[in-house]
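Close look at the chain arrangement
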Amino acid sequence: MPLLKYTLDLEEPLLAAGRVSDPNSNTSLDFIPGSLLRGLLIHRYCAQAGQSDITHDALARALFFDGTVRYLHAHPADPDGARTLPTPRTLLKAKYATPGNDGQWTLHNSAHAAFSAPSDQQLEREEKPFITLGDDGTSATLYAPRRTLSVHMQRDRRMGRATAENGAVFQYQALAEGQRFIGLIVVDDSAAAAHQVAKLKALTADPVAWLGGSRSAGYGRVELSLADTATPEAPHGDEDDKEDEDELTLTLLSDTLLVDPEGHPLAWADLARLPAALGAALSEAAGESVTLSESEIAWARSSVGRALLGGYNSTWRLPLPPAPALAAGSVLVLRKRLPAPLRAAIQARGLGLRRVEGYGRCAFNLPLAATLRAGSKDVAAPTRAAQPIAGEAERLARRMAQRQLDQAIEAAITRFLRTGTSHNPPRRSQLDWLAVQAQQVLNTAEEQMDQAAQALRERLQELRQAAKQQFERSQINGQSLAQWLDDHLAQPGQVWATLGLAGDQRLGVAGIAPDKAAVELRTTLRLIAAAAGHWRKQEEGR
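Summarised in this report is the structure supplied together with it.

Examining the overall build of the chain
Counting secondary structure elements, the chain contains 12 helices and 26 strands. Based on the C-alpha atoms only, the size of the chain along its principal axes is roughly 85 × 60 × 50 Å. Across the 542 residues of the chain, 45% fall into the buried class. Of the accessible surface of the chain, which amounts to about 27300 Å², a share of 49% is contributed by carbon and sulfur atoms. Of the charged side chains in the chain, 59 are positive and 63 negative; the average position of the first set lies 6 Å away from that of the second.

Let's talk about the nonpolar core
Judged by nonpolar contacts, the single largest core of 39 residues is most densely connected at Trp-484, Leu-485, Leu-499 and Leu-525. Sorting elements by how many residues they give to this core places helix H12 (residues 520-540) first, with 8 residues. In this view, Leu-499 contacts Ala-412, Ile-413, Arg-415, Phe-416, Thr-523 and Leu-527; residues no more than four positions away in its chain are not counted. Core analysis: the next-biggest nonpolar cluster, separate from the first, contains 35 residues, Leu-10, Ile-42, Val-69 and Leu-211 among them.

Topic: the environment of Thr-87
Within the secondary structure, Thr-87 sits in the loop between strand E5 (85-86) and strand E6 (91-94). Taking the relative accessible area as the measure of exposure, Thr-87 reaches 6% and is therefore buried. In this structure, Thr-87 is in contact with Glu-126, Lys-128, Pro-129, Phe-130, Ile-131, Leu-142 and Gly-329, ignoring residues within four places of it in sequence. A distance of 3.2 Å separates the side chain of Thr-87 from the backbone nitrogen of Phe-130, its partner in a polar contact.

Quick notes on the packing of helix H8 (residues 446-461) against H12
As a packed pair, H8 and H12 sit with axes 10 Å apart at the nearest point and diverge in direction by 45 degrees. By the angle between their axes, H8 is oblique relative to H12. Regarding H8 and H12, the two cross each other, and that crossing is left-handed. Together, Glu-446, Met-449, Asp-450, Ala-453 and Leu-456 of H8 and Leu-521, Arg-522 and Leu-525 of H12 make up the contact between the two elements. Taken together, the residues of the contact of H8 with H12 sort by class into 5 nonpolar, no polar and 3 charged.

Examining helix H5 (residues 340-349)
Those residues of H5 not exposed but buried are Leu-342, Arg-343, Ile-346 and Ala-348. Buried-residue contacts for H5 involve strand E3 (69-71), strand E16 (248-252), helix H4 (274-286) and strand E22 (362-364). Among the residues trailing H5, Gly-350 stands out with phi positive, at a value near 90 degrees.

What to know about the sheet that holds strand E7 (residues 105-109)
With respect to topology, 7 strands assemble into an open sheet ordered E5-E9-E10-E23-E7-E6-E8, the strand pairing being mixed. Looking at strand neighbours, the two that pair on one side only are E5 and strand E8 (123-125), the edges of this open sheet. Relative to strand E9 (residues 130-133), E5 is paired through 2 bridges, and the arrangement is antiparallel. In the strand pairing of E9, Leu-85 is matched with Ile-131.

Here we look at the pairing of E16
Counting buried positions over the 5 residues of E16 gives 4, a clear majority of the element. One ladder, built from 4 bridges, connects E16 with strand E21 (residues 331-334); its direction is antiparallel. Note that in E21 the partner of Thr-251 across the bridge is Val-331. Judged from the 3 bridges that link them, E16 and E22 form a sheet pairing that is antiparallel. Pairing of Leu-250 across the sheet is with Phe-364, part of E22.

Some remarks on the packing of helix H6 (residues 392-419) against H12
Where H6 meets H12, the axes come as close as 10 Å, and the angle between the chain directions of the two elements is 35 degrees. Between H6 and H12 the crossing geometry is right-handed. In this structure, H6 contributes Asp-406, Ile-409, Glu-410, Ile-413, Phe-416 and Leu-417 to the contact, and H12 contributes Thr-523, Arg-526, Leu-527, Ala-530, Ala-531 and His-534. Here the residues of the contact of H6 with H12 sort into 7 nonpolar, 2 polar and 3 charged.

Here we look at the packing of aromatic side chains
Evaluation of the coordinates by the stated rule reveals 5 aromatic pairs. Consider the rings of Phe-64 and Phe-65, whose centres lie 6.2 Å apart with planes at 75 degrees: the pair is edge-to-face. Among the residues examined, Phe-65 registers a relative accessible area of 32% and is labelled partly exposed. Centroid distance Phe-64 to Tyr-71: 6.4 Å. Interplanar angle 15 degrees. Geometry classified as stacked.

With respect to the sheet that holds E22
Taken together, 3 strands build an open sheet; the order of strands is E21-E16-E22 and the sheet is antiparallel. The open sheet terminates on both sides in strands that have one partner only, identified here as E21 and E22. Sheet twist, expressed as the mean angle between neighbouring strand axes with direction ignored, is 20 degrees. Against the sheet, H5 engages E16 and E22, with an angle of about 160 degrees to E22.

Re the environment of Gln-51
Structurally, Gln-51 is set in the loop between helix H1 (34-49) and helix H2 (58-64). Judged by relative accessible area, Gln-51 falls into the partly exposed class, the value being 37%. Sequence spacing of Gln-51 and Ser-422 is 371 residues, and the spatial spacing of their C-alpha atoms is 67 Å.

Here's the deal with H6
With 28 residues, H6 ought to run about 40 Å at 1.5 Å a step, and its terminal C-alpha atoms sit 40 Å apart, in line with that. Within H6, burial applies to Ala-397, Ala-401, Leu-405, Ala-408, Ile-409, Ala-412, Ile-413, Phe-416 and Leu-417. Where H6 is buried, its residues touch strand E25 (475-476), helix H10 (481-490), helix H11 (495-498) and H12.

Thresholds, definitions, all that
- Residues numbered from 1 in each chain as written.
- Predicted model: local features only at pLDDT ≥ 70, side-chain atom pairs only at ≥ 80, totals over all residues.
- Heavy atoms only, no water.
- Helix = DSSP H or I, 4+ residues; strand = E, 2+ residues; numbered from the N terminus.
- Buried < 20%, exposed > 50% of the residue type's maximum accessible area, 1.4 Å probe, protein only.
- Areas by Shrake-Rupley, 256 points an atom, 1.4 Å probe, with all protein chains shown as cover.
- Lys, Arg positive; Asp, Glu negative; His and termini not counted.
- Charge placed at Lys NZ, Arg CZ, Asp CG, Glu CD.
- Core = buried A, V, L, I, M, F, W, Y, C linked by side-chain atoms within 4.5 Å.
- Contact = heavy atoms within 4.5 Å.
- Polar contact = N/O pair within 3.5 Å; in protein donor to acceptor, adjacent residues only side chain to side chain.
- Axes fitted to C-alpha atoms, helices over the stretch in contact; angles between N-to-C directions.
- Parallel < 35°, antiparallel > 145°, perpendicular 65-115°, else oblique.
- Left-handed = near helix turned anticlockwise from the far one by under 90°.
- Nonpolar A, V, L, I, M, F, W, Y, C, P; charged D, E, K, R; others polar.
- Pairing = 2+ DSSP bridges.
- Phe/Tyr/Trp six-rings, centres within 6.5 Å; stacked < 30°, edge-to-face > 60°.
- Expected span 1.5 Å × (residues − 1).

It is worth stressing that arrangement in space is one thing and function is another; only the former is reported here.
Take a look at the structure:
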């Protein structure tokens, strides 16, 4: 069965609204639905064919309509270039859990036969939507795509501005630019498969594409590429080879719309019909009868989420009617035997309705242990060869990069003061003194700033006993304020880790990164002055 991998590099924010949301806002999905790529390729196919109605074209029907080709959703890419999967809903973490010194925390898999809830912890579902699994099932990495929030005002089309009748304020929460998403295209084995794959590659030859909503308002530009791949959709567990397994774990890898044997959609309020509807979907995908009773589902170890799917039909220019579905990441533990070939056929075909758009994907027996150690990473960024620049363009790019860094520093300092913890701050007089001293060093000439900063460090060490005790007694993020100040003045470079900017690869213009070393001392002094002023205001408010 041919498998193609398509990559979408977001050059602008992207709005992919596939679920029903607030009418005064448009919130993008965490992934890019396969229907967006399918719609793009239909548009390109019509343009190449020179006609708008391609429903009678045999090749077009195979590519877009009859389910021979299925366009799986594009999920965030991990740093190694792999496609992530929806996080199973049975993965639980301790409430208010924080990462340990290794940056990881423990997840408990409630679907596992050996699961036992800790007696001293309250568990809640892991909220990060995507995951990659280690080979042995005891480790995982979690991902959450970045978003951007923009507020817009409706304009009157004729007047070109907001009016009393047309001036509503609304907001967009879109997927942020600078992220990479990876999806798959599954092509059924047939005599025409090679021709279908060749046509798909021809349709994706132009890498520039626009997807999603509000494309004329600065949203939706992506760079598209397509390549063959042998990597399966989901990792393969060793237990999946066993024919005599009396228990199977079915994980939904995308939202799934099921219908019962009579063809009625499965509503949320009628999950009693889920066994019959799931059995009908399994039978259709497997090509033979598969029955499933309520007793064959281990409900206590299963977790089913709900989703209300919407969407937009560009041909009708109308929103799609909302449809209830089982949410991606839902896990069902089945007390049933299914031969491995049957399971493979079900995974290849998918379950339920709208499979051509990427819905109904599933996997049996994902490699998940009873407990896992998990960490988190950022979604992979597009990798492009930087075009060399020189002269005035290089000088301008360096100025832009430094200004970009300065904005990031301001935001990071604000975030540090808002989220950091402090206890027993020094008295107002000491805070005033510290702020004035830091500002005086900031006002010195660049060539003398190092010497002035070391002089400030010495003055802090030589404070009178009463004042010194105030700094030693004060705590900032669990560390003595006196030690914190001494460490940062002695090694200004550690300010990037303090502000969370140490590994930020998004800073830079045209391949030119900002010079952090040139401003690390100035940034340290800005942080000290801002912290002193912040604590002084807190003291005044008491």
